[in-house]
Amino acid sequence: MPPYQIAVLIIMAVGIQFGLLGLALLIELSHRKRRPLAAARAAVGPAAGRGLRAARLSEGSAEPQGEAAGAPSESEGEEISVEPESEAAPPEAAPLPTPGGIEAAPPAGRGGETAAQAETLAVPETAEQPETEELDTTPAPSPAFPPARGRIGFGLRKTREAFMARLRAALSGGAQREQLYEELEEALIGADVGIEASGRIIQGVREKLKNDTRPESIRETLKDEIVKILTAVERPIADAGDEPLVVMLAGVNGAGKTTTIAKLAAMFKADRGGVIVAAADTFRAAAIEQLEVWCNRVGAEIIKQKQGSDPAAVAFDAVAAARARKISTVLIDTAGRLQNKSNLMEELKKVARVVGRNLPGAPHETWLVLDATTGQNALSQAQVFKEAVSLTGVVLAKLDSTAKGGMIVAVAERMKLPVKFVGIGENLEDLRPFDAREFVEALFQSEESTAQSASGSYAA
């Protein structure tokens, strides 16, 4: 063999040796870099998420950006959930049962789903597994809700001030009988009770009192007539038996739906036990993150997929997980939508259909969240939503921020829907089960008695 060929072979052998040594060095450096992260994952307890963050900072990793818009500042973006590598996978990470009893991954997102697949719940093998968030902090104890009467009275302050001023003027003005009733009807309409409901109330007062125009008699009869309208549409919350109670919430953007779901989760957890929240608002940016922060604060579990996923698939997964794990309540958050967008309303119908295929009879309750500050405009929202899905009740948010609280009567009279809960503040305990008699008493309550009942239990 010529000398120059021997030299080439020697050079190639030396180059290969150096290449192998360099590759081994790169692998060793990579292993050393990952050791702090492995140590953080092995940490057990509330500090696990913070340990991972510290490890990443020590290695120069960039912090994740983009906090949830509108979420409470003390909780957002603070911790990262970490599952210890040595522990077995949680039960909710296992494939969930489909309606046919076949073990499969959850349905695909809306980007890869056809209409036929959505309606038949054909679940592709490559679908992304639903993510069940495990809380990495010990949840705060469920709030002990104080007596509601003083808080309801304070929450109705703006409505009562406007209504009672008109009522006192009518009763003390010395008007003749017909003029008195006209002024009373104007007072009711001014409180956003509505024209139809106001007319019905005044007609009932006329028939009962005849020629009696004493202020005390008129006031008590007005109370009775309003209570009659409200109680006529009352119905108890559905009984799901041994299955989870599934509640779907709908409403337009900005009505207060996300915070209402958090308050309902706290209430149901204190009353019924475990709660799963389905983050089916996959349309609005940061909606999932905002709801996740609230769930961590309340101590409720959340089922979620990435933004843009099929909301019906998320709701399906949540109900399947609740049934498998014997969770008592499922709350389904849906995307806020305008009532004049037919395609979005069709999506809401689909969520209800898919949930019903997983659990016959579900959703057991479908509640519309209305913003009390919109007054009579909320009735048009209720009408369109009622045509799209089978509404079973209304949750009235922001009642403490408006003088239009009389719309509760209009909803019951015109829409024939019961008001299930009213929001009278921003705290978790400020969502109250609606009681017709309590509402009417608070509406007619004097300012002095309101201040006495609210003292010590509510801070303005």
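As shown above, the structure is provided for reference.
Just so you know, these numbers come straight off a predicted model, no measurement behind them.

Parameters and conventions
Residues numbered from 1 in each chain as written. Predicted model: local features only at pLDDT ≥ 70, side-chain atom pairs only at ≥ 80, totals over all residues. Heavy atoms only, no water. Helix = DSSP H or I, 4+ residues; strand = E, 2+ residues; numbered from the N terminus. Buried < 20%, exposed > 50% of the residue type's maximum accessible area, 1.4 Å probe, protein only. Contact = heavy atoms within 4.5 Å. Areas by Shrake-Rupley, 256 points an atom, 1.4 Å probe, with all protein chains shown as cover. Axes fitted to C-alpha atoms, helices over the stretch in contact; angles between N-to-C directions. Parallel < 35°, antiparallel > 145°, perpendicular 65-115°, else oblique. Left-handed = near helix turned anticlockwise from the far one by under 90°. Patch = residues over 30% accessible without salt bridge, like charges linked within 9 Å, V, L, I, M, F, W, Y side chains within 5 Å. Salt bridge = Lys/Arg side-chain N within 4 Å of Asp/Glu carboxyl O. Expected span 1.5 Å × (residues − 1). Core = buried A, V, L, I, M, F, W, Y, C linked by side-chain atoms within 4.5 Å. Pairing = 2+ DSSP bridges. Phe/Tyr/Trp six-rings, centres within 6.5 Å; stacked < 30°, edge-to-face > 60°. Lys NZ or Arg CZ within 6 Å of the ring centre and 35° of its normal.

**Observations concerning the overall build of the protein chain**
In terms of helices and strands, the protein chain carries 16 helices and eleven strands. Burial status across the protein chain gives 47% buried among its 460 residues. By sequence separation, contacts in the protein chain at least 24 residues apart represent 76% of the contacts at least 6 residues apart. A total of about 22100 Å² of accessible surface is found on the protein chain, and carbon and sulfur atoms cover 54% of it.

**A look at the packing of helix 9 (residues 257–272) against helix 10 (residues 287–298)**
Describing two packed helices takes the angle between their axes plus the distance from one axis to the other. The geometry of helix 9 relative to helix 10 is characterised by a closest axis approach of 10 Å and an angle of 25° between their N-to-C directions. By the angle between their directions, the pair helix 9 and helix 10 is classed as roughly parallel. Considering only the axes of helix 9 and helix 10, their crossing is right-handed. When helix 9 is examined against helix 10, the residues T258, T259, I261, A262, A265, A266 and K269 are found in contact with a partner set consisting of Q290, L291, W294 and V298.

**Here's the deal with a nonpolar patch on the surface**
Together, I6, I10, V14, F18 and L21 give the surface a local cluster of nonpolar side chains, amounting to about 510 Å² of exposed area. Counting through the fold element by element, I6 comes out in helix 1 (residues 3–42).

**What to know about helix 8 (residues 215–232)**
Here helix 8 is 18 residues long and its end C-alpha atoms lie 26 Å apart, about the 26 Å a rise of 1.5 Å per residue gives. Within helix 8 the residues assigned to the buried category are S217, I218, T221, L222, K223, E225, I226, V227, I229 and L230. Its buried side turned inward, helix 8 meets helix 5 (157–172), helix 6 (177–190), helix 7 (195–209), helix 14 (407–415) and helix 15 (436–444).

**Quick word on the pattern of salt bridges**
Under the criterion given, the structure shown has 18 salt bridges. With a shortest N-O distance of 3.3 Å, K223 and E441 are connected by a salt bridge. Here the residue K223 occupies a position in helix 8, and E441 occupies one in helix 15, the gap between them amounting to 218 residues. One salt bridge connects D333 with K257, and the closest N-O pair in it is separated by 3.1 Å. Remark: K257 occurs in helix 9 and D333 occurs in strand 7 (residues 329–334); sequence separation between them is 76 residues.

**Brief notes about the nonpolar core**
Counting 113 residues, the largest nonpolar core has L184, L222, L230, L331 and I332 as its most contacted members. The biggest single contributor to this core is helix 11 (residues 311–325), with eight residues. For L230, the contacting residues outside a window of four places in its chain are I408, V409, A412, F434, A436, F439 and V440.

**Side note on the pairing of strand 8 (residues 365–371)**
Judged by how many residues are buried, strand 8 sits mostly within the fold: seven of seven residues are covered. Neither face of strand 8 is open: one carries E365, W367, V369 and D371, the other T366, L368 and L370, and all of them are buried. Direction of pairing for strand 4 (residues 245–250) relative to strand 8: parallel, over a ladder of four bridges. From the neighbouring strand, V247 faces strand 8, where its bridge partner is E365. As paired strands, strand 8 and strand 9 (residues 393–397) are joined by five bridges and run parallel to one another. Across the sheet, residue W367 finds its bridge partner in strand 9, namely G393.

**Considerations on the packing of aromatic side chains**
Scanning the model with the defined rule gives four aromatic pairs in all. Both rings, one in F163 and one in F444, keep their centres 5.3 Å apart while their planes meet at 85°; by these two values the pair is edge-to-face. One end of the pair, F163, is in helix 5; the other, F444, is in helix 15, with 281 residues separating them in the sequence. Judged by its relative accessible area of 1%, F163 falls in the buried class. Owing to a relative accessible area of 6%, F444 belongs among the buried residues under this scheme. On the basis of an interplanar angle of 55° and a centroid distance of 5.5 Å, the ring pair of F434 and F439 is categorised as tilted. Like F434, the residue F439 is buried in the burial classification. An aromatic cluster is present here, built from F268, W367 and F421 joined pairwise through their rings. Across from the ring centre of W294, 5.0 Å away, lies the NZ or CZ of R297, which sits over that ring.

The values reported here are purely geometric and, on their own, carry no functional implication.
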